[in-house]
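Residue-level structural notes
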Amino acid sequence: ACDVPIYLYEMSWAKRTNWTELLPLQPEIQSYLDDITHQYGLYRHIQFATQLVEARWLEDEKMWALKMRNSSPTAPEDAFFTVKHHVVVMACGPLSQPRMPEGIDASVFQGEQFHSQQWQHDTVFEGKNVAVVGNGCSATQFMPIISRRCKSVTQYVSSPHWLVPRNNPLYTEWQKWIFQNIPGAATLHRYQIAWLFEKEGYKLRGGSGPAKVRQQVEGYLKAHLEAHAPKKYVKQLTPNFPVGCKRLVLDSNYLDCLHADNIDLAFTRVSEVTESGLVGKDGSRRDYDIIIWATGFLATMPFNGIKLYGRDGQELHDRWEEEGGPRAYAGVATKGFPNLYMTTGPNTFSGHTSITQIIEKQAMWIAQTLKLQLDNKVQTFEITPQAEKQWSDFLRERMSGMVWTSSACNSWFKTKDGFIPTNFPGSTMLVSRTNLYEILDKGQFCFPHSCIRS
């Protein structure tokens, strides 16, 4: 399901006016994406079951050599092939690579197991004892559904989250008629929602004003927790960090489902996987038929698992590790990697609203540079070290005081060293006002801070 209002989640260039509810379920969103893919003829440009393993810049040819693997179920493990392209756009998605707990070997488990991102739709839950490891956005969505079918569910909770009531009104037939027949009505509705969510970014800032707002919000969320959660769990489910420090979690009837007799919460991390179950750090040992890992994603290191070699032969992730974390100008381009672009690169997440608007802005920037190349006005684009440094300085200055930097909590926003390569410390309106580059006289292409090589 979606935890962002659909009118902010949909593409601005492919609006739909007959959404059934504010936060639709997966099948409706999937249908929308399938429809626009057919409408714009995109399927003929998509090569499925193909995995990028390595990309290497060929300076003499001004091209990228891509090592690919056929990842279809029937293909052998060594089904590699190489293609060359002038431009590479890394649009892998930031929440696409499952993260497993460190230091444990899950392969020893003899029952069925999977990560929630790789959901096994043919799994039979009836009569089974199930372990759910994690209690973030994913787990709170599927827990109320699977618990109705399982013999028992034990959820491993390592830390609490601030849970927000999931207000999800249905759109009436009258509202849909208005959106479909009155020009601008749907757009106005979209702007209203966008403004409401944009205001939520205020409480993420530093200063006494935002701190006071956070305290008010925390009081409201504590009242919601106390009204819906079993009393025996209230204390352990109450966060001890400021709201916004971690991603807010929508309460999709999660707290209410905890009253069921077949649900138990284990407030401990998993220390070991056995053939028959899990061992908690508190020493508890339990046997299960199924383990669902709802342990999040590798969000702090984009394109993890893909080797990217730039102009000087250095691998991008190795360089980022040396520099203390991922960095890229506007989350789109990084020094030393000509004609390599990104969407949702470093520091492009929004902590309070939809990322779709940011992705569309990045896509527009990339399209502008591609047009210049297609028009033969420039052969390669590459960010300068000076521009990337000034962008990083801009981010560091704005990041100071943001609630994400609080030492009171650890989150997937941060690296182990406390560096935040995920979130953008500003509004989506600030992103919209940013220009990737400026076209100056005599065909010189420049970023707002310094020129790029061409």
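Residues numbered from 1 in each chain as written. Predicted model: local features only at pLDDT ≥ 70, side-chain atom pairs only at ≥ 80, totals over all residues. Heavy atoms only, no water.

Remarks on the pattern of salt bridges
Side chains that carry opposite charge are capable of pairing whenever their charged atoms lie near each other. Summed over the entire model, instances satisfying the criterion amount to 19 salt bridges. A salt bridge links K62 to E59; its shortest N-O distance comes to 3.1 Å. Taking the relative accessible area as the measure of exposure, E59 reaches 28% and is therefore partly exposed. Here the salt bridges share partners, and the residues they tie into one network are E59, K62, R311 and E382. (Salt bridge = Lys/Arg side-chain N within 4 Å of Asp/Glu carboxyl O. Buried < 20%, exposed > 50% of the residue type's maximum accessible area, 1.4 Å probe, protein only.)

Section: helix α6 (residues 208–228)
In a regular helix each residue adds 1.5 Å, so 21 residues correspond to 30 Å; α6 covers 31 Å between its end C-alpha atoms and thus fits that length. By the burial criterion, the buried members of α6 are P210, R214, E218, L221, H224 and L225. The buried side chains of α6 occupy one side of the element, clustering within an arc of 120° when seen end-on. For α6, the exposed residues set more than 90 degrees away from the buried face come down to S208, K212, Q215, Q216, E226 and A227. The elements touched by buried residues of α6 are β8 (163–165), α7 (231–234), β9 (249–251) and α8 (254–257). (Helix = DSSP H or I, 4+ residues; strand = E, 2+ residues; numbered from the N terminus. Expected span 1.5 Å × (residues − 1). Arc of directions from axis to C-beta. Contact = heavy atoms within 4.5 Å.)

Some details on the environment of N70
The topology assignment puts N70 in strand β2 (residues 63–70). Here N70 falls in the partly exposed class, since its relative accessible area comes to 29%. Spatially, the C-alpha atoms of N70 and F48 are 8.9 Å apart, while their sequence positions differ by 22 residues. When sequence neighbours within four positions are dropped, the list of residues in contact with N70 reads A49, A75, P76, A79 and F81. Side-chain polar atoms of N70 contact the side chain of S72, separated by 2.9 Å. (Polar contact = N/O pair within 3.5 Å; in protein donor to acceptor, adjacent residues only side chain to side chain.)

Topic: the sheet that holds strand β11 (residues 270–273)
In space, the three strands of this open sheet follow the order β11-β12-β13, with antiparallel pairing throughout. Looking at strand neighbours, the two that pair on one side only are β11 and β13 (285–287), the edges of this open sheet. Across the sheet, the mean angle separating the axes of adjacent strands is 25° when strand polarity is ignored. In terms of strand pairing, β11 meets strand β12 (residues 277–280) through three bridges, oriented antiparallel. Bridge pairing links E272 to V279 in β12. (Pairing = 2+ DSSP bridges. Axes fitted to C-alpha atoms, helices over the stretch in contact; angles between N-to-C directions.)

Things to note about the nonpolar core
Side chains of a nonpolar character, in soluble globular proteins, are inclined to be buried together. Membership of the largest hydrophobic core comes to 28 residues, with the highest contact counts inside it found for V130 and L258. Elements represented by at least two residues in this core include exactly β6 (129–133), α3 (137–146), α7, α8, β10 (263–266) and β14 (290–293). For L258, the residues in contact, after removing those within four places along its chain, are P230, Y233, L237, I263 and L265. (Core = buried A, V, L, I, M, F, W, Y, C linked by side-chain atoms within 4.5 Å.)

Things to note about the side chain of R319
Mapped onto the elements of the fold, R319 is located in helix α9 (residues 316–323). Among the polar contacts made by the side chain of R319, one reaches the side chain of T334 at a distance of 2.5 Å. Once residues within four sequence positions are removed from consideration, R319 is found in contact with Q314, R327, T334, K335, F337 and E388.

None of this, on its own, says anything about what the molecule does.
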